[in-house]
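Listed here are the chains, written in short residue letters.
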Amino acid sequence: MPPARKSNKLTRKELQQLKDYGQLDPLGAMGAENDLDELISKAISKSSHGRFSGMVPADSDSRYRGGRGRGHGRHRHRDRSSRSDRDLMLNKSRKSARPDAYTKLLKSLSSSTNAPAKPSAAIVSDDDDDDSGSEDGGDVLMEQSDDDNDEAIDDNGMSEGSDDADADQGYEVDEVDRDTGGSDIDEEAHTDYEPTAGSDDIAEVYEANDFMAAHFSDDTSGLMNQKVAAASQKEYKQVPVNDPVLGSGVLSDIGDGGLKEANPRPLKQRLVKPFNKLNNRDGFTDFQRGLFNWMDQYRDVVYANRSFERDDDITTVYTLHAMNHVMKARERERRNNVKLSKAHASGTDAGELRDRGFTRPRVLILTPFRNTAYKIVKKILKLASSDDASNTARIDKEYGPGEDDDSENKTYKRKPADFQHTFAGNIDDSFRIGMKFHFNSVKPYADFYRADIIVASPIGLRMTTGSERGDRKDFDFLSSIEMVIVDQCDVLLMQNWDHVLQIFDCMNRTPKKDHGCDFSRVYNWLLEGMAEYRRQTIMISEYMTPEIQAIFNNNCRSIEGKVRFKPFMKGAVTDVVAQVPQVFKRLNVKRLATAADDRFVHFTENMLPELEKAAANDKHTLIFVSSYFDFVRIRNHCRDRGFSFAAISEYSTRTEAMHARMDFYKGDLQFIIYSERAHFYHRYPIKGIHHMIFYSLPDHPIYYSELVSLMLTSNDETASPDQLTCTAIYTKYDQLKLERIVGTRLAPQLLTGERSQFTFA
């Protein structure tokens, strides 16, 4: 038995003895030979009251349940001040009204399109929850940062030169001072949550009204089980949504929840002033308010009406939502740490306090390029009021525009506005960075297992997780992701969407190692493998695609339901400036699996021979192909037939593309095969187009109007408007593409009409 405590402070020897007896390590008492899955299965098989009583020896069970498990025994009060001083500090009175900035923000949110929030007395009484006690924590042993001793962290999210043992440190390893036995109970937690008269009851009532606390609670009631069953069986109630700002959408609701009132506690107070400063105004704009309210309900959200004009508003909203989520979660952990510390000091049982996952990362943000990640990281630092030189120097160097930025290039400035916005700054597509919340600051380049937010590109994160069949498979840090945000899905589709699918497949799996996890603090629903029903998925795109729809149908399973916003499309044909007859031909295909083959057969047997005959008189034909697989297939077929043509893809060099365009303009080629990705990355102004053939409709509707308009704006006087033609092939499975090009109103007629050919003039 370890020696009895003689004071409120434990010596290093006592700590080591407690650890040797297994009281500081719930896994150590069972032996290293036990598998992690066995530990979890034993944990969830216990009753909710004594769930972990079998994980420690009988003689130490009472002490462990009293708060002496890993992460529990280290929360201790210092004995530098008397008990009376401590009581005086703990009974400090709280403020009774919110600051003006917070009141303005609540009023801003209350005018949302949803029903207004109902005021509550608990909201008024629990106001300054982060910053009010910063000057009154002298009695608490502050966390001593180990930043000075941290190893350099590379972009992999792992410590440079560290071995596996270093990467497997405990969940709260950064919040323990090993040398002094320090506590991670900070001043903020003590000031906010020590029990004044009835403050515990007020905090619980207040938290119950918060969407975040309710969504991630350990509720095991029958209603919660019904929601999980409905989400797993996809039993949704479709509710039309007509948002005056976000547009029309469909809410897939579970049960009879319907549209919710605005969150009574939308933001952490410490975020209000930085947000207003970042937003250059007090409160939200109408668009920000509408989007934030849907995200704050913890529904899965797909917003398919992104534009570069609203890029900053969208990035600000989801960054604020991610920060708000992490701060609320960390606040709850600190409050529970205080409860455990009190229970330990009084020798009582604090009960089950579950507030975390297997690993620390909670939020994952996927973006295509470093320029977007740069904006996100800078916004995180500003919202955390941590925008100092030590944090931003390396970020500016590795994620900033750099010296080779082409934004001042004359050729670059001639590109369309959306191209300039997408490719401004650093467009490297392989990166990952962990952001660790450390008291009132944020530490970038943190190890993934010590980070709260991970910002990465799909390919950059895939290089860390490895492939399923490869030797390097480490995705345990994705096991407890509570929120995933995928921005610019339309751009990610121009890269490699398989990486996105692989990341979704790796998320919320049971980890292969314990990584120092304190199972007594892990959510029950996480132990039971129900994490996907609590995870919130947010996807932002310029338009809806089958790939995004597939993730929405199969991977978005939040028990709060899911909402999809898809705007009414007027059609890209209305933006065509050339007076060209545009012919749309519908191919009758029976199955989706054979649609690509049927399209290829129709093109090679019907259209290509006619194109070969017409080339004798007019060779200025451009064949646009949206899929790279179709592009390669057509290119190989034309090579085998001996056609005189050129193929421009995203892999073609600028020199190759320039020579092909020159030969095409002079009439030395029969035709050019042009891929959509080549147009996305380069926007080549191809001159001399007389005949335009869309082998498949483009994903980006603006590309259709651009290319058809080039037939007039880039031609010389040798081609009259009567000689220009445009033909597009589509099938019934191209509904989303067709809707973006001909418009929402006309698309059903082209898909189901008796005729198979339609002409727009």
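Residues numbered from 1 in each chain as written. Predicted model: local features only at pLDDT ≥ 70, side-chain atom pairs only at ≥ 80, totals over all residues. Heavy atoms only, no water.

1. Considerations on the side chain of Arg 599
Counting through the fold element by element, Arg 599 comes out in helix 24 (residues 595-614). When near neighbours in sequence (up to four residues on either side) are disregarded, Arg 599 contacts Leu 587, Tyr 695, Ser 696, Ile 729, Tyr 730, Thr 731 and Asp 734. (Helix = DSSP H or I, 4+ residues; strand = E, 2+ residues; numbered from the N terminus. Contact = heavy atoms within 4.5 Å.)

2. With respect to the pairing of strand 1 (residues 237-243)
As judged from the 7 bridges shared by strand 1 and strand 2 (residues 247-253), these two strands associate in the antiparallel manner. Within strand 2, the residue paired with Lys 237 across the bridge is Asp 253. In this structure, the hairpin formed by strand 1 and strand 2 is closed by a connection of 3 residues. (Pairing = 2+ DSSP bridges.)

3. With respect to helix 12 (residues 269-279)
The buried count for helix 12 comes to 9 of 11 residues, which makes it a mostly enclosed element. All buried positions along helix 12 are accounted for by Gln 269, Arg 270, Leu 271, Val 272, Pro 274, Phe 275, Asn 276, Leu 278 and Asn 279. Immediately beyond the C-terminal end of helix 12, within one or two residues, lies Asn 280, with a positive phi of roughly 60°. (Buried < 20%, exposed > 50% of the residue type's maximum accessible area, 1.4 Å probe, protein only.)

4. Description of the pattern of salt bridges
Throughout the structure, instances matching the rule amount to 32 salt bridges. Note that Glu 739 is salt-bridged to Lys 566, the shortest N-O span being 3.1 Å. Of the two residues, Glu 739 is situated in helix 29 (residues 735-742) and Lys 566 in the loop between strand 10 (562-565) and strand 11 (582-586); the sequence distance between them amounts to 173 residues. The exposure class of Glu 739 is buried, given its relative accessible area of 8%. Residues participating in the shared-partner salt-bridge network are Arg 330, Glu 333, Asp 355, Arg 356, Arg 362, Glu 482 and Arg 521. (Salt bridge = Lys/Arg side-chain N within 4 Å of Asp/Glu carboxyl O.)

5. Here we look at the sheet that holds strand 3 (residues 300-303)
Taken together, the 10 strands give an open sheet; going across it, the order is 1-2-10-3-9-8-4-7-5-6, and neighbouring strands pair in mixed fashion. Lying at the two open borders of the sheet, with one neighbouring strand each, are strand 1 and strand 6 (441-444). Strand-to-strand twist of the sheet, defined as the mean angle between neighbouring strand axes without regard to direction, takes the value 15°. Note: strand 4 (residues 363-366) against strand 8 (residues 483-486), 4 bridges, orientation parallel. Bridge pairing in strand 8 places Ile 365 opposite Ile 485. (Axes fitted to C-alpha atoms, helices over the stretch in contact; angles between N-to-C directions.)

6. Section: the environment of Ile 648
Tracing the backbone shows Ile 648 in strand 13 (residues 645-648). When its relative accessible area of 1% is taken as the criterion, Ile 648 is described as buried. For Ile 648, the residues in contact, after removing those within four places along its chain, are Phe 631, Ala 657, Ala 660, Arg 661, Ile 672, Ile 673, Tyr 674, Ser 675, Ala 678 and Tyr 684.

7. Focus on unusual backbone geometry
In this model, Asn 280 sits at a positive phi of 60°, which is unusual for a non-glycine residue. Tracing the sequence through the fold places Asn 280 in the loop between helix 12 and helix 13 (286-296). With phi around 60°, Tyr 298 is a residue other than glycine that occupies positive phi space. Mapped onto the elements, Tyr 298 comes out in the loop between helix 13 and strand 3.

Geometric descriptors of this kind do not, in isolation, establish any biological role.
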